[in-house]
Amino acid sequence: MDGFEFISGQIKNHFMKSLEVRGQLQREAKRNKTTLLKTKIPKLWVLTPTASPRLLRGFGAQQGVDWVSGVYLMAEYLQTAIVVIHQLPPIPETLWLRILGRGSVQNQAIDELVALAPSHPNRQATLELLYTLKQNLVTTQNSQPQEDDRALVMRLAPLYQQDRELARQEGRAEGVQEGRAEGVHEERRLVIENLLRVRFGSIDTELSAIVEPLMALSPEEFTPLLLQRSREELIALFGHQS
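Residues numbered from 1 in each chain as written. Predicted model: local features only at pLDDT ≥ 70, side-chain atom pairs only at ≥ 80, totals over all residues. Heavy atoms only, no water.

Draft legend 1. Spotlight on the overall build of the protein chain. When helices and strands are tallied, the protein chain shows 10 helices and 4 strands. Listing each helix as α and each strand as β along the protein chain from the N terminus yields α-β-α-β-β-β-α-α-α-α-α-α-α-α. Out of the 242 residues in the protein chain, the part that is buried amounts to 39%. Of the contacts formed within the protein chain by residues at least 6 apart in sequence, a portion of 58% connects residues at least 24 apart. About 13,700 Å² of surface is accessible on the protein chain, with carbon and sulfur atoms providing 54% of the total. (Helix = DSSP H or I, 4+ residues; strand = E, 2+ residues; numbered from the N terminus. Buried < 20%, exposed > 50% of the residue type's maximum accessible area, 1.4 Å probe, protein only. Contact = heavy atoms within 4.5 Å. Areas by Shrake-Rupley, 256 points an atom, 1.4 Å probe, with all protein chains shown as cover.)

Right, here's the structure in full:
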């Protein structure tokens, strides 16, 4: 199986799972004698390191209007988007996603992360999110983890431990755990806001109102929500909690 067939197969698998979820929602709505609104159908976001023009044409995916380069939308009713990581612009808002790429794109993103000052608010939050994600991938895969996954975890591990040790030293030196907690709180806010900007382009009043409730969740909980749920779903889930 060549690279094209593999990526195409993966997208098809994700799409079929998405159809299963929609089918479950439709059956539930039918049982409850309610109408399934389009805004209640979760949008499928497929992240892929690379994608050829041929593959994108085959899925009818087109560069999204008002989206950064690398975000391709399929037909409206399919509720599916393909994020081609190696085409994302090298801006701070895409750093976390670009680290999920491969080869030079991933290495450049990690270099950008390393170059951030230890006190930079995005550094620790990004490390925690990515290192936790990669650890979960390595420990939950049925087969042996891929070599590049292991290599990435090994490269991130000392950075993560360095930040943890620095945090402990700062806590001991300053004797103010409250200040550290506040710093982590703000880091989490920045991560959530960056993910919202990547997904929706900007943060308006309605999206701003859901940031605080999302901060009550762990990174493992809010990350898939922000990547998979629609704007309307997020507002419906968290807007009333602000």
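So much for the structure itself; the text now carries on.
Draft legend 2. The arrangement of the packing of helix α8 (residues 205-215) against helix α10 (residues 231-238) in detail. Relative to each other, α8 and α10 sit at 55°, their axes nearing to 9 Å. Here α8 is positioned oblique relative to α10, judged by the angle of their axes. Both α8 and α10 take part in a crossing whose hand is left-handed. Counted together, Glu 206, Leu 207, Ile 210, Pro 213 and Leu 214 of α8 and Arg 231, Leu 234, Ile 235 and Phe 238 of α10 form the full contact between these two elements. In terms of residue class, the contact of α8 with α10 is made up of 7 nonpolar, no polar and 2 charged. (Axes fitted to C-alpha atoms, helices over the stretch in contact; angles between N-to-C directions. Parallel < 35°, antiparallel > 145°, perpendicular 65-115°, else oblique. Left-handed = near helix turned anticlockwise from the far one by under 90°. Nonpolar A, V, L, I, M, F, W, Y, C, P; charged D, E, K, R; others polar.)

Draft legend 3. Representation of the nonpolar core in the model. One finds Ile 192, Leu 196, Leu 214, Phe 222 and Leu 226 to be the most contacted residues of the largest nonpolar core, which totals 29 residues. Elements with a contribution of two residues or more to this core: β4 (80-84), α3 (95-98), α5 (121-140), α7 (177-200), α8, α9 (219-228) and α10. Not counting residues within four places of it along the chain, the set of residues in contact with Ile 192 comprises Val 211, Leu 214, Met 215, Phe 222 and Leu 226. (Core = buried A, V, L, I, M, F, W, Y, C linked by side-chain atoms within 4.5 Å.)

Draft legend 4. Structural detail: the pattern of salt bridges. Scanning the entire structure with this criterion turns up 5 salt bridges. With a closest N to O distance of 2.7 Å, Arg 189 and Glu 212 form a salt bridge. One end of the pair, Arg 189, is in helix α7; the other, Glu 212, is in helix α8, with 23 residues separating them in the sequence. Note on Arg 189: relative accessible area 21%, which makes it partly exposed. You can call Glu 212 partly exposed: its relative accessible area is 41%. Between Arg 231 and Asp 204 there is a salt bridge; the shortest N-O distance is 2.6 Å. Of the two residues, Arg 231 is situated in helix α10 and Asp 204 in the loop between α7 and α8; the sequence distance between them amounts to 27 residues. Three or more residues joined by partner-sharing salt bridges are found here, namely Asp 204, Glu 206 and Arg 231. (Salt bridge = Lys/Arg side-chain N within 4 Å of Asp/Glu carboxyl O.)

Draft legend 5. Region of interest: the packing of aromatic side chains. In total, this model carries 1 aromatic pair according to the counting rule given. Taking 5.4 Å as the distance between ring centres and 50° as the angle between the ring planes, the aromatic pair formed by Trp 45 and Trp 67 counts as tilted. Of this pair, Trp 45 sits in strand β1 (residues 44-48) while Trp 67 sits in the loop between β2 (62-63) and β3 (71-73), placing them 22 residues apart in sequence. Among the residues examined, Trp 45 registers a relative accessible area of 13% and is labelled buried. Trp 67 gets classed as partly exposed once you look at its relative accessible area, which sits at 24%. (Phe/Tyr/Trp six-rings, centres within 6.5 Å; stacked < 30°, edge-to-face > 60°.)

Draft legend 6. How the structure looks around the pairing of β1. Burial within β1 is extensive, with 4 of its 5 residues counted as buried. Summarising the sheet, β1 and β4 pair through 5 bridges and their orientation is parallel. From the neighbouring strand, Trp 45 faces β4, where its bridge partner is Ala 81. (Pairing = 2+ DSSP bridges.)

Draft legend 7. The sheet that holds β4, seen in detail. Strand order in the open sheet made by the 4 strands is β1-β4-β3-β2, with mixed pairing throughout. Sheet topology places β1 and β2 at the edges, where each strand pairs with a single neighbour. As judged from the 3 bridges shared by β3 and β4, these two strands associate in the antiparallel manner. Bridge pairing in β4 places Leu 73 opposite Ala 81.

Draft legend 8. Quick peek at the side chain of Glu 233. Relative to the assigned elements, Glu 233 resides in helix α10. Judged by relative accessible area, Glu 233 falls into the buried class, the value being 7%.

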